Amino acid sequence: NAGVMQNPRHLVRRRGQEARLRCSPMKGHSHVYWYRQLPEEGLKFMVYLQKENIIDESGMPKERFSAEFPKEGPSILRIQQVVRGDSAAYFCASSLLPGQSTKDTEAFFGQGTRLTVV
Amino acid sequence: AQSVTQPDIHITVSEGASLELRCNYSYGATPYLFWYVQSPGQGLQLLLKYFSGDTLVQGIKGFEAEFKRSQSSFNLRKPSVHWSDAAEYFCAVAQFSSNTGKLIFGQGTTLQVKP
C-alpha cells in the first residue's frame with residue numbers, strides 16, 4: 001500500500017506564474033489536508049477536503065489559492081500568480097476517518113512539494 | 001484559541017545521552033496530542049499520540065511522552081539518543097469540530113546529536 005504521494009517534489013516558478021501541486025492520498029482514504037511550512041517555521045493548516053467537498057478552508061489565503069479533491073484523481077492545490085512569499089514546502093496528509101477522532105485514526109503525510117518562486 | 005509551544009528551537013545532545021523535548025499546549029477540552037519527526041527534505045512521521053487513558057505513551061524508535069494535564073505539557077523523552085535521531089521534532093494538537101480535524105503544530109525543535 002503506497003503512502004501519500006505528492007508531486008512534483010520540487011517546483012520552480014517565476015513570479016506571476018501558476019503552481020499546481022498534486023496529492024494522491026493513501027488507498028481508501030477520502031480525507032485530505034494541506035499544510036504549508038515556511039522556512040524555519042512549523043506547519044500551518046491550510047485546507048481540509050473530502051471527496052468533492054471543501055470542509056474547512058480557514059487556513060487558506062483569501063486570494064490566489066484554491067484547492068480541490070475531485071471524485072476521481074488526486075487533490076490539487078493551485079496557486080495563481082505566485083509571489084516570492086509563496087516559497088515554502090507544501091505537505092499533504094490523508095486519513096481514513098475524519099479528523100483524528102478515534103484511537104486508530106492517523107493522518108499520514110506525504111514527502112511534500114518544495115515550491116521556489118524566483 | 002488553541003496553540004502549541006515548543007520552547008526550545010535547537011537542542012544538542014551527545015550520543016547516548018538522554019533527551020527531553022518540551023511541548024506545552026493550550027486547549028479547552030481533553031486534547032489529542034502528537035509528536036512527529038521530520039528528517040531533512042522529508043515528510044513527517046508520527047512518533048506517538050495521546051488520545052486518552054494512560055498518560056505515559058510509548059512510541060516508535062524508543063520514544064515516549066508523558067501527558068501532564070496540570071502542566072498542560074506533553075514532553076517527549078528518549079533514554080539514549082542515537083545519531084540517527086538528529087532531525088526536527090514537532091508537537092501538535094488536534095482541533096475537532098463537526099467540520100474539521102486539523103492539526104495545530106508547534107514551531108519545532110531541531111535536535112543535533114554530537115558523536
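Here the structure is a predicted model, which means the values were calculated and not measured.

Visitor: Account for the packing of aromatic side chains, with residues named and values stated.
Guide: What the rule picks out here adds up to 15 aromatic pairs over all chains. Ring centres of A:Tyr33 and A:Tyr48 lie 4.7 Å apart, and the angle between their planes is 10 degrees; on these two criteria the pair is classed as stacked. Within this pair, whereas A:Tyr33 is found in strand S4 (residues 31-37), its partner A:Tyr48 is found in strand S5 (residues 43-50), the two being separated by 15 residues in sequence. By the burial criterion, A:Tyr33 is buried, and A:Tyr48 matches it. With 5.6 Å between their ring centres and 90 degrees between their planes, A:Tyr35 and B:Phe105 make a pair best called edge-to-face. Remark: B:Phe105 occurs in strand S11 (residues 103-105) and A:Tyr35 occurs in strand S4; the pair is interchain, linking two chains. For A:Tyr35, a relative accessible area of 1% corresponds to the buried category. You can call B:Phe105 buried: its relative accessible area is 5%. Taken together, the ring pairs connect A:Tyr35, A:Phe45, A:Phe109, B:Tyr32, B:Phe34, B:Tyr36, B:Phe51, B:Phe90 and B:Phe105 into an aromatic cluster.

Visitor: Tell me what's going on with the interface of chain B and chain A, and back it up with residues and numbers.
Guide: Reports of interface size often rely on the accessible area that becomes lost once the parts have come together. Between chain B and chain A, the contact holds 22 residues from the first and 26 residues from the second. Carbon and sulfur atoms supply 53% of the area that chain B and chain A bury against each other, a total of about 1,800 Å² over both sides. The interface formed by chain B and chain A holds zero salt bridges in total. Between chain B and chain A we count five residue pairs in polar contact (both at pLDDT 80 or more) in total. Of all elements in the fold, only strand S5 (32-38), strand S6 (44-50), strand S10 (87-94) and S11 of chain B reach the threshold of two or more residues within the side of chain B that touches chain A. Take the side of chain B that touches chain A: its biggest share by element is four residues, from S5(B).

Parameters at a glance
In every chain, residue numbers begin from 1 and rise along the written sequence. To label them, take the chains in the order written and letter them from A, then take the ligands in the order written and number them from 1. Residues qualify for local features only when their pLDDT is at least 70, as the model is predicted, and side-chain atom pairs are given and counted only at 80 or more; totals for whole chains, interfaces and linings, by contrast, use all residues. For side-chain calculations, the full set of non-hydrogen atoms in the structure is used, while hydrogens and water are omitted. Geometry of aromatic contacts follows a simple scheme: Phe, Tyr and Trp rings, the Trp one being its six-membered ring, pair when their centres are within 6.5 Å, and the pair is stacked under 30 degrees between planes, edge-to-face over 60, tilted otherwise. Labels follow the DSSP assignment, with helices taken as runs of H or I lasting at least four residues and strands as runs of E lasting at least two, numbered in each case from the N terminus. Only protein chains enter the accessibility calculation, which uses a 1.4 Å probe. A residue is then buried if its area is under 20% of the maximum for its type, exposed if over 50%, and partly exposed in between. For this analysis, residues touch if any pair of their heavy atoms sits within 4.5 Å. Two parts placed together each lose some accessible area under a 1.4 Å probe, and adding up what both lose gives the buried area. Should a side-chain nitrogen of Lys or Arg be within 4 Å of a carboxyl oxygen of Asp or Glu, the pair is scored as a salt bridge. Whenever two N or O atoms come within 3.5 Å, that pair is a polar contact, provided that in protein one can donate a hydrogen and the other can accept it, and provided that, for residues adjacent in sequence, both atoms are side-chain atoms.

Such coordinate-based values are descriptive only and should not be taken to indicate function.
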